Amino acid sequence: TNLGLDAGYNLAIRKALEFEPDYILVSVVDVVLDPDCLTHQVEKMESDPKIGIVGPILFHDNDPDIVQSYGFRVDSRSVSAEPLYAGRVEQHELPDCIEADYVDGGTTLIRRSVIEQLGGMDEKLCIYAEDVDLCFRTWRLGYKVVAISRAKAYHRYYEKRTEGPPPY
C-alpha cells in the first residue's frame, strides 16, 4: 500500500526509535552525502542542546559548485520559500552556521527527543512541505533549526517543472 511519503517516514522513524538513537537522519535516495556530512551534523547537534534539526548545505549533483539550498526563509504573506545562498557561491563567502526557517527534508538530522515530542511527520500532508511543517513545529517547541556549511550533500534530481506544487 502506498501510504504517502510522511506515513512512510513515520514507519521508518518508529522502527529507528526502537534502537534508542540520539538522532535520526532523514535521507532520500536522490541525495548523496559527503562521507563526513553526518559527522559534522552530529558534532553541531552535540554542541548545543537547543538545536533540534541540523541540515547540510545542498549542492546540485551535476554541478557541485552551485548551491541548491543552505536553508530556506519562508515569506508567510506570499506563501513562498526562498533558498538561502542559492546559485554559484564561493565556500569562503558562506557562514559556518545559519538559523533557517526550514532545511531540506531529504537531508535532515533530527534530535530524538524532538521527533518524539512532535509525534513524527504530519501524515495529512502526504508529500511536499513535510520539511517546512517539521521545522516549524520544531521552532514552536523552542528548538533551533540550523544549516551548516561543513556538512555537504549533493542532490541528484531536482524539479524540472517551472511551477511548483500548489501552496496549499
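As a reminder, the structure under discussion sits directly above these lines.
Residues numbered from 1 in each chain as written. Predicted model: local features only at pLDDT ≥ 70, side-chain atom pairs only at ≥ 80, totals over all residues. Heavy atoms only, no water.

**Details of the overall build of the protein chain**
Step number 1: A tally of regular secondary structure across the protein chain gives four helices and ten strands.
Step number 2: Moving toward the C terminus, one meets the helices and strands of the protein chain in the order α-β-β-α-β-β-β-β-β-β-β-α-α-β.
Step number 3: Taking 2.2 N^0.38 as the reference for a compact globule, 168 residues should give roughly 15 Å; the C-alpha atoms of the protein chain span a radius of gyration of 15 Å, in line with that estimate.
Step number 4: Principal axes of the C-alpha set define a box for the protein chain whose edges measure 40 × 35 × 30 Å.
Step number 5: Going through the 168 residues of the protein chain one by one, you find that 42% of them count as buried.
Step number 6: The long-range share in the protein chain, meaning contacts at least 24 apart out of those at least 6 apart in sequence, stands at 72%.
Step number 7: Taken as a whole, the protein chain presents about 9,500 Å² of accessible surface, with 52% of it coming from carbon and sulfur.
Step number 8: Side-chain charges of the protein chain comprise 18 positive and 29 negative groups, with the mean position of each set lying 4 Å from the other. (Helix = DSSP H or I, 4+ residues; strand = E, 2+ residues; numbered from the N terminus. Rg over C-alpha atoms; globule rule 2.2 N^0.38 Å. Buried < 20%, exposed > 50% of the residue type's maximum accessible area, 1.4 Å probe, protein only. Contact = heavy atoms within 4.5 Å. Areas by Shrake-Rupley, 256 points an atom, 1.4 Å probe, with all protein chains shown as cover. Lys, Arg positive; Asp, Glu negative; His and termini not counted. Charge placed at Lys NZ, Arg CZ, Asp CG, Glu CD.)

**Points about helix α4 (residues 130-140)**
Step number 1: Turning to α4, its buried residues number three or more, namely E130, D131, D133, L134, C135, R137 and T138.
Step number 2: On its buried face, α4 is in contact with α1 (5-17), β3 (51-60), β9 (107-111), α3 (112-118) and β10 (144-155).
Step number 3: Directly after α4, the chain includes G142, whose backbone phi takes a positive value near 100°.

**Focus: the packing of aromatic side chains**
Geometry of an aromatic ring pair is reported as the spacing of the ring centres plus the angle between the planes.
Step number 1: By the definition in use, this model includes three aromatic pairs.
Step number 2: The aromatic ring of Y143 is capped on one face by K50, whose charged end is 4.7 Å from the ring centroid. (Phe/Tyr/Trp six-rings, centres within 6.5 Å; stacked < 30°, edge-to-face > 60°. Lys NZ or Arg CZ within 6 Å of the ring centre and 35° of its normal.)

**Re the environment of E123**
Step number 1: Along the chain, E123 falls in the loop between α3 and α4.
Step number 2: Note: C-alpha distance between E123 and N10 (113 residues apart in sequence) is 8.3 Å.
Step number 3: Non-local contacts of E123, meaning those with residues more than four positions away in its chain, are made with D6, A7, N10 and R14.
Step number 4: A polar contact of 2.8 Å, which involves the side chain of E123, links it to the side chain of N10. (Polar contact = N/O pair within 3.5 Å; in protein donor to acceptor, adjacent residues only side chain to side chain.)

**Points about the pattern of salt bridges**
Step number 1: As enumerated under the stated definition, the model contains eight salt bridges in all.
Step number 2: Across the salt bridge formed by R73 and D101, the nearest N and O atoms sit 3.9 Å from each other. Placement of R73 in strand β5 (residues 72-75) and of D101 in the loop between β8 (97-99) and β9 is noted, with a sequence separation of 28 residues between them.
Step number 3: Judged by relative accessible area, which is 35%, R73 ranks as partly exposed.
Step number 4: A salt bridge links E116 to R112; the nearest nitrogen and oxygen atoms lie 3.6 Å apart. Pair noted here: E116 and R112 are both in helix α3, with a separation of four residues, about one helical turn. (Salt bridge = Lys/Arg side-chain N within 4 Å of Asp/Glu carboxyl O.)

**So, the pairing of β3**
Step number 1: Within β3, ten of the ten residues are buried, which leaves the element mostly enclosed by the surrounding structure.
Step number 2: Pairing of β3 with β10, which is carried by nine bridges, proceeds in the parallel orientation. When the bridges of β10 are listed, I57 appears paired with K152.
Step number 3: Here three bridges tie β3 to strand β4 (residues 63-69), and the two strands are oriented antiparallel to one another. Residue pairing in the sheet places L58 in a bridge with S69 of β4.
Step number 4: Turn length for the β3-β4 hairpin, with the two strands adjacent in sequence and antiparallel, is two residues. (Pairing = 2+ DSSP bridges.)

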